[in-house]
Amino acid sequence: MRRRRAGRGPRTLPPLLLLLLLPPLLLLLQVLPAAGRSGPAALGPRAGPGLSLYLSEDEVRRLIGLDAELYYVRNDLINHYALSFNLLVPSETNCLHFTWFSKSKVGYKLGFQTDNPAAMDVPQVNISVQGEVPRTLSVFRVELSCTGKIDSEVTILMQLNLTINSSKNFTVLNFKRRKMCYKKLEEVKTPTSDRNSSRTIYDPVNAAPTTSTRVFYISVGVCCAVIFLVAIILAVLHLHSMKRIELEDSISDSSSSQGLSQPSTQTTQYLRADTPNNATPVTSSSGYPTLRIEKNDLKSVTLMEAKAKVKDIAISRERITLKDVLQEGTFGRIFLGILIDEKDPNKEKQAFVKTVKDQASEIQVTMMLTESCKLRGLHHRNLLPITHVCIEEGEKPMVVLPYMNWGNLKLFLRQCKLVEANNPQAISQQDLVHMAIQIACGMSYLARREVIHKDLAARNCVIDDTLQVKITDNALSRDLFPMDYHCLGDNENRPVRWMALESLVNNEFSSASDVWAFGVTLWELMTLGQTPYVDIDPFEMAAYLKDGYRIAQPINCPDELFAVMACCWALDPEERPKFQQLVQCLTEFHAALGAYV
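The rules behind the values
Residues numbered from 1 in each chain as written. Predicted model: local features only at pLDDT ≥ 70, side-chain atom pairs only at ≥ 80, totals over all residues. Heavy atoms only, no water. Buried < 20%, exposed > 50% of the residue type's maximum accessible area, 1.4 Å probe, protein only. Helix = DSSP H or I, 4+ residues; strand = E, 2+ residues; numbered from the N terminus. Lys, Arg positive; Asp, Glu negative; His and termini not counted. Salt bridge = Lys/Arg side-chain N within 4 Å of Asp/Glu carboxyl O. Polar contact = N/O pair within 3.5 Å; in protein donor to acceptor, adjacent residues only side chain to side chain. Contact = heavy atoms within 4.5 Å. Pairing = 2+ DSSP bridges. Phe/Tyr/Trp six-rings, centres within 6.5 Å; stacked < 30°, edge-to-face > 60°. Lys NZ or Arg CZ within 6 Å of the ring centre and 35° of its normal.

Novice: Could you clarify how one ought to interpret helix H14 (residues 559–568) in this entry?
Specialist: Each full turn of the α-helix corresponds to 3.6 residues, which orients residues three or four apart in the same direction. For H14, the tally of buried residues reaches 9 of 10 residues, placing the bulk of the element in the interior. Of the residues making up H14, those classed as buried are Glu560, Leu561, Phe562, Ala563, Val564, Met565, Ala566, Cys567 and Cys568.

Novice: I would appreciate a short explanation of the side chain of Arg497 in the present structure.
Specialist: You can see Arg497 is positioned in the loop between strand E21 (493–494) and helix H11 (501–506). For the buried residue Arg497, which engages in no salt bridge, the nearest side chain bearing the opposite charge is Asp484, 6.3 Å off. A distance of 2.4 Å separates a polar side-chain atom of Arg497 from the backbone oxygen of Tyr533. Among the polar contacts made by the side chain of Arg497, one reaches the main-chain carbonyl oxygen of Ile536 at a distance of 3.0 Å. Apart from residues no more than four positions distant in its own chain, Arg497 is found in contact with His486, Val520, Thr531, Pro532, Tyr533, Val534, Ile536, Pro538 and Met541.

Novice: Would you mind going over the pairing of strand E12 (residues 169–181) with me for this structure?
Specialist: Both faces of the sheet carry side chains from a regular strand, because those side chains alternate between them. Side chains Asn169, Thr171, Leu173, Phe175, Arg177, Lys179 and Cys181 of E12 all project onto a buried face; the interleaved residues Phe170, Val172, Asn174, Lys176, Arg178 and Met180 project onto a face where none is buried. Here strand E5 (residues 87–89) runs beside E12; their pairing, made up of 3 bridges, is parallel. By the bridge assignment, Leu87 is partnered in E12 with Arg177.

Novice: Help me understand the packing of aromatic side chains in this model?
Specialist: Tallying each qualifying case throughout the model produces 14 aromatic pairs. Ring-pair connections join several aromatic residues into one group, and the members of that group are Tyr72, Phe98, Trp100, Tyr108, Phe140 and Phe175. It is Arg74 that lies over the ring of Tyr71; its NZ or CZ is 3.9 Å from the centre. The ring of Trp498 carries Arg459 above its face, with NZ or CZ at 4.2 Å from the centroid.

As structure tokens, then:
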């Protein structure tokens, strides 16, 4: 069994986070049995007994309404996610059915305990409480019988002790269930009797309601009235929120970021640099609200067309002074530049300047100009669109962006990891969540404008000394970060490790595929810039994702935060959360971290 690490942050889920994450988490128990902090625990040695214990599809449908099998142990691998899930048994359900079998000898011993014996008797089973696990597929039943004496919610603990190799290997599995037990209503007896029998007959029509019955009906009426009022209030708030979002075109999401504290200077919880990295047909995203599926058509644009698109923001080369080289690739460079004001030559400001080397091809120049226009004309506090270009004849084309003094986010995170040993207070978990919220705010704005980024990653974000994060385009990223892009035989370099399955297989992109990339970006933040799926061959990524595998939970990453990532990696695009939901969830989690400190 896993030992919980100290200092993991607050353990209670905010209400909105719980509502958003519960359905994907239930699905995660079936789809991702191998996901975990360092992989699932095994019962025995490598040549194990082949034990499996699970709830059948019919049983899961009867208990929680899902068409899926829920494995607790699959071929000796223990699913801790499933074991930690405390299922609520419907009040009308009086028995549970478990399916199990083992390929070789495994001894077992069953034990039961309830936290309220007055409300429920000790559960009974239809098999011996001690023996050997059957070698063939079998089902055993657990009877849950309420006493009917009091109204109470009862927690049931079933402990299963498994012994392998004559007690040399001993494993304990704890299953928790909750059930509501109700007090039986008193029967009212009437003098009506049969001539041939002295039995008293209960007449429910003529029976007078008891005091407990009246209290029950009154309570139900009050609860219904409260629920009705809450539903009206939520509907009004939702309509008000939708109207506000429609009106916010310039600096939207400001309300989502209100209440966010400034990046913490206090110490909370710091990430380690040695994070491990081991780790159905795809449905179309046509049902996603931002209905936009694009194909990569950059190569169809000519250099003349690319220059014509940016002609209105072109400036003279004399206004740009190049200083230090910040990043350099095979054919591209990013400079720290000085931009002279057009009206007052005495005024100048720093800027990022993207340009190419002399050996750059016409296609490479065209791609730089075209990709630089991805965010052009959009205004949001967490976006960094281009402001000017220089396309004069005889000069190398240049793209100008506002300056952020801490530069590229991925390089910044890796720098934090390098100095972590000497400066453990370099960056806190609360700061990293604050960065994730800003990225989600910027992407939420793009989703409402029906703009698809298609290459969201830490390498395409920048940061300043106040820890303000802005999303940029991906111009020159293939050249500056060549290890993050791979060609899968179609003569096109793509960010394979950040792409959703429908993008890899069908070349389909939407806001849902951007949500997938956001989950990987959140993983980058929590690992301080590590490369995801580093041990997986790019050509095997699609098959790897189809089989249900994902990158593992980073060390010291709270379970609630990893659950957000897992939601973003749902195979069905329609099952992934929207960016506005991610903003709200992360904001609540950020506030909980602040309250915990």
